[in-house]
Amino acid sequence: MACKTKMHPFPLLFLIALLFSFISLQVSARSYQTLVAPIIKDPKTSLYTITLNSREKYVIDINAPLSWRLCQKNPPSPVFCSAPQCTQVRSFLSSMCPEANNIWMKYGHCQCIVTAVNSVAKSCVPERLTYSNFMLSWTNGKNPTGDANLNKIYYSCAPNTLFKSLPQGVSGLAALSRAPLGFSSQFTPAFVGMTKKFALCLPSATGNIAPGVTFFGNGPYYFGYYMPTQFDVSKVLSYTPLLKKSNSVEHYIGLKGISINGKASKFLPSAFAFDSRGNGGVKLSTIVPYTTLRSDIYNTLLKDFYKATKNVPKVKNVSPFGLCVKASSLGWTRIGLVAPTIELGLGNGVIWRIYGTNSMKEVGGDVACLAFVDGGKTAKEAVVIGAYQMENHFLEFDLAASRLGISDSLYTYRASCASFNLTSAV
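Residues numbered from 1 in each chain as written. Predicted model: local features only at pLDDT ≥ 70, side-chain atom pairs only at ≥ 80, totals over all residues. Heavy atoms only, no water.

Moving on, we get to the sheet that holds strand S17 (residues 255-260). In spatial order, the strands read S18-S17-S25-S26; together these 4 strands make up an open sheet with antiparallel pairing. Pairing within the sheet leaves two strands with one partner each, and these edge strands are strand S18 (263-264) and strand S26 (351-354). As paired strands, S17 and S18 are joined by 2 bridges and run antiparallel to one another. Residue pairing for S18: serine 259 is matched across the bridge by alanine 264. (Pairing = 2+ DSSP bridges. Helix = DSSP H or I, 4+ residues; strand = E, 2+ residues; numbered from the N terminus.)

What follows concerns the pairing of strand S10 (residues 172-175). Across 4 bridges, the pairing between strand S3 (residues 56-61) and S10 is parallel. Its bridge partner lying in S10, aspartate 61 is registered against alanine 175. Bridge analysis of strand S4 (residues 68-70) against S10 gives 2 bridges, and the strand direction is antiparallel. Residue pairing for S10: tryptophan 68 is matched across the bridge by leucine 173.

Before going further, it helps to examine the packing of aromatic side chains. Between two aromatic rings, the relevant description is the distance of the centres plus the angle of the planes. Under the criterion given, the structure shown has 22 aromatic pairs. On the numbers, 5.1 Å between centres and 85 degrees between planes, the contact of tryptophan 68 with phenylalanine 163 is edge-to-face. With tryptophan 68 in strand S4 and phenylalanine 163 in the loop between strand S9 (144-158) and S10, this residue pair connects regions lying 95 residues apart in the sequence. Here a set of aromatic residues connected by ring pairs shows up, and it is made of Tyr58, Phe134, Tyr155, Phe183, Phe187, Phe198, Phe216 and Phe397. Directly above the aromatic system of tyrosine 222 lies the positively charged group of lysine 142, at a separation of 5.1 Å from the ring centroid. Over the face of the ring belonging to tyrosine 306 we find lysine 314, whose NZ or CZ atom lies 4.5 Å from the ring centre. (Phe/Tyr/Trp six-rings, centres within 6.5 Å; stacked < 30°, edge-to-face > 60°. Lys NZ or Arg CZ within 6 Å of the ring centre and 35° of its normal.)

The structure is reproduced here in structure tokens:
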């Protein structure tokens, strides 16, 4: 006779509840393919942070090879040297740092040593690779809809010494480069139907009052929640290719020329191109505060902008800017000071328009300065498009398709990066 075993009701109920929670998680995960998190601009450093795990802030660096955070004496989950993640991350190193050696031995095992980079202070520290869980929010494109727990997200540990020049109280740095273990890739897992894509909308206001927003995944992205109607920013994006530079995970785009009020400035044909050593090109950066141009390009832009503002009273320059004017003589509109429009002619005919709100920096005392900086004669890049020029523009980094989506200033749509509804749905 077969022996019958009576199952206790508690384990059975527990298994049912576990199965139900698993199913609920999967349905929730597949209902939307986009994650959302707020962006805060620090008032002291003007750096931008993304909020993860409800309250932890991480400085955004779209070109860093690996994210990092402060660890205790021992990392929560060490990664062995033989792990594929160790090989992946050690394949992409910052040019400012020496390669770290895998020499950390613990209980007879080789633990993966990587290089954590602080691009602001231009410092780097060899540390251990580890992983843990991170929490963001799902979104339907209009507001957050619930928590999303992402398991086994890899990053580097970091000591207190690596936090120099970063905003007070940050937990670490969020790498959003093309690197395999950048948060930009790890926060878009394919198994829940997400596309390897992220978007940034950097705020112009500082502090928590008017935060910007970042998305990971497919969109849509609805802005203008305080207006009678919302609009999906993904419908107004123009796309230009993201260029890949050899042995680099940084974000580059093509640039053919620059115009001021529709008049093209004169540059050498190869002014913006990569040279035979890989220098040159046009990079985007959330760490560099203002767009920086190699001296030959900067001097031409400065001369042409001076001509375009010949009737505007000039005032004493304020460092680091090379041209300052009397702000009240320009006048204001909802897209900023009434300054000549600067147009960046990108590689495939797309125009990135920079109006007064992103071209002029008000420095107080009725003074406004052209917010572009001379990078020197031997600058590594021809142009580095800085964070000030990105503010209140929507930038979608489609890593899967190697393209960048760019909006006009959201002010032209009577919106801003602070007009996404970050209030959770009830």
